[in-house]
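Observations on the three-dimensional arrangement
So you can see what is in the structure, the chains are spelled out below.
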Amino acid sequence: MRLVILRSAIDDLSRGYDFYEKRNRGLGEYFEDSIYSDIESLRVYAGIHRKVHGYHRLLSKRFPYAIYYEIEEDSVRIRAILDCRKNPTWISRRVK
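Basis of the calculations
Residue indices follow the written sequence of each chain, beginning from 1 at its first position. Owing to the predicted nature of the model, reporting of local features is limited to residues with pLDDT of at least 70; listing and counting of side-chain atom pairs is limited to 80 or more, with chain, interface and lining totals taken over all residues. Processing note: side-chain calculations cover all non-hydrogen atoms of the structure and skip hydrogens and water entirely. Like charges within 9 Å and nonpolar side chains (Val, Leu, Ile, Met, Phe, Trp, Tyr) within 5 Å are joined into patches, using only residues over 30% in relative accessible area that form no salt bridge. Working definition of accessibility: Shrake-Rupley area with a 1.4 Å probe, residue cover restricted to the visible protein chains. We define a salt bridge as a contact between a side-chain nitrogen of Lys or Arg and a carboxyl oxygen of Asp or Glu at a distance within 4 Å. Strands are runs of DSSP state E lasting at least two residues, helices are runs of H or I lasting at least four, and both sets are numbered from the N terminus onward. Pairing between two strands is assigned when DSSP locates at least 2 bridges connecting them. Throughout, a contact is declared for two residues whenever any of their heavy atoms are within 4.5 Å. Interaxial angles span 0 to 180 degrees and are taken between N-to-C directions of axes, which are lines fitted to C-alpha atoms, for helices over the stretch in contact.

Considering a nonpolar patch on the surface
On the surface, a cluster of nonpolar side chains totalling about 350 Å² of accessible area is made up of Val44, Tyr45 and Ile48. When you line up the elements, Val44 lands in helix H3 (residues 42-45).

Side note on the sheet that holds strand S2 (residues 51-52)
Sheet architecture is open: five strands sit in the order S1-S5-S4-S3-S2, paired in mixed fashion. Pairing within the sheet leaves two strands with one partner each, and these edge strands are strand S1 (2-5) and S2. By the bridge criterion, four bridges tie strand S3 (residues 55-59) to strand S4 (residues 65-72) in an arrangement that is antiparallel. Residue pairing in the sheet places Leu59 in a bridge with Ala66 of S4. Lying on the sheet, helix H2 (residues 27-40) is in contact with S1, S3, S4 and strand S5 (75-83); it crosses S4 at an angle near 30°. Lying over the sheet, helix H4 (residues 88-95) contacts S3, S4 and S5, oriented at roughly 150° with respect to S5.

Written out as structure tokens, the structure reads:
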């Protein structure tokens, strides 16, 4: 499976990195590595996750984040990487 991370998801990841890095130096890098590890797992497990807001949702193993993605032929397109602590209405609007 080919993984495609859309610009919107990269921006989400960058905001998460900044948030955690401000809390504790080095934590932002750990956050980013953890999310990329979760994304890499989609090469094997893409499509098994429950659909939420019209997209498959993978919950991160180490951080309260969700990875929203869709499958198109032989690729996985990652649309958003969002903090699950946000208002559900905001998340719904952001994903759509």
